[in-house]
Amino acid sequence: MTSSITRSGRGTRSETIRIRRATARDAKRLTRLVRTSRAYEGPYAAMVAGYRVGPDYIETHQVFAAVEPGTDRLLGFYSLVLAPPELDLMFVADDAQGLGIGRLLIGHLCDEAQRAGLTGVRIVSHPPAEGFYRSVGARRTGTCAANPPAVMWDRPELVLPVD
């Protein structure tokens, strides 16, 4: 299954952005998107420095990619863990920020979660992303304490209701 939105490009051009199931062939591009994200610069850089989204991860989890048609350029992706329900990863390419890709991915996630019979999805957020998750309907439920050396800072814990 794919989802899509149409967005206006420069001039009169418009493009349809598709969401499709990620495949093992996407592993290197997903990994690059995680490792180069400006959201993880500075004190957050160590968390993603060696991170890898491997083919085994993609085959094991519900991983979906937002891509431009024709070019199949990766604009963002998310990973949904079904049991227990949790948004494991969500990244939008730096040059695609502000185009509605994150909201498109969240909408797709909610559709997938609803199809799986889930009523809510847990999100342990990167601190700077909490505002985005709250803007799409997630509610703060607590805080996940830092877990050095893997995670050196407290993170907001939220739940995204699935209607």
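Note: the structure precedes this text.
Let us look at the structure shown here. (Residues numbered from 1 in each chain as written. Predicted model: local features only at pLDDT ≥ 70, side-chain atom pairs only at ≥ 80, totals over all residues. Heavy atoms only, no water.)

**Thoughts on the side chain of E86**
On the secondary structure map, E86 appears in strand β5 (residues 85–92). There is a polar contact of 3.2 Å between the side chain of E86 and the side chain of R122. If near-sequence neighbours (up to four positions away) are discounted, E86 is found in contact with S79, L80, V81, V121, R122 and V124. (Helix = DSSP H or I, 4+ residues; strand = E, 2+ residues; numbered from the N terminus. Polar contact = N/O pair within 3.5 Å; in protein donor to acceptor, adjacent residues only side chain to side chain. Contact = heavy atoms within 4.5 Å.)

**A short note on helix α1 (residues 27–35)**
Among the residues of α1, those classed as buried are A27, L30, T31, L33 and V34. Around the axis of α1, the buried residues are gathered within 160° of arc, so they sit on the same side. Across α1 from its buried face, at more than 90 degrees, point the exposed residues K28 and R32. Contacts made by the buried residues of α1 are with α2 (45–48), α3 (55–60), β3 (62–67), β4 (74–82) and β5. (Buried < 20%, exposed > 50% of the residue type's maximum accessible area, 1.4 Å probe, protein only. Arc of directions from axis to C-beta.)

**Details of the side chain of E112**
Structurally, E112 is set in helix α4 (residues 101–115). Judged by its relative accessible area of 12%, E112 falls in the buried class. Of note is the side chain of E112, whose polar atom sits 2.8 Å from the side chain of R115.

**A few points about the pattern of salt bridges**
This structure, assessed with the given rule, holds 13 salt bridges. Between R20 and D26 there is a salt bridge whose closest N-O contact spans 2.8 Å. Just as R20 is buried, D26 falls in that class too. Where salt bridges share partners, they join R20, D26, R29 and D72 into one cluster. (Salt bridge = Lys/Arg side-chain N within 4 Å of Asp/Glu carboxyl O.)

**Considerations on the pairing of β3**
Taken across its six residues, β3 has five buried, putting it largely inside the fold. Linking β3 to β4, which pair antiparallel, is a turn of six residues; within it G70 sits at a positive phi near 80°. (Pairing = 2+ DSSP bridges.)

**So, the state of the cysteines**
Enumeration according to the criterion identifies zero disulfides in this entry. You can see C110 has no disulfide; the closest cysteine sulfur is in C144, sitting 19 Å from it. The exposure class assigned to C110 is buried, which follows from its relative accessible area of 18%. (Disulfide = S-S within 2.5 Å.)

**Some words on the packing of aromatic side chains**
What the rule picks out here adds up to six aromatic pairs. Relative to W153, the ring of Y44 has its centre 4.5 Å away and its plane inclined at 80°; by these criteria the two rings are edge-to-face. In this pair, Y44 sits in the loop between α1 and α2 while W153 sits in the loop between β7 (139–144) and β8 (155–161), placing the two residues 109 residues apart along the sequence. Take W153: its relative accessible area is 13%, and that puts it in the buried class. With centroids separated by 5.3 Å and ring planes inclined at 65°, the aromatic side chains of F132 and Y133 adopt a geometry described as edge-to-face. The class of F132 is partly exposed, set by a relative accessible area of 26%. Put simply, the rings of Y40, Y44, F77, F91 and W153 touch in pairs and so form one group of aromatic residues. In this structure, R21 packs its charged tip against the face of F64, placed 5.5 Å from the ring centre. (Phe/Tyr/Trp six-rings, centres within 6.5 Å; stacked < 30°, edge-to-face > 60°. Lys NZ or Arg CZ within 6 Å of the ring centre and 35° of its normal.)

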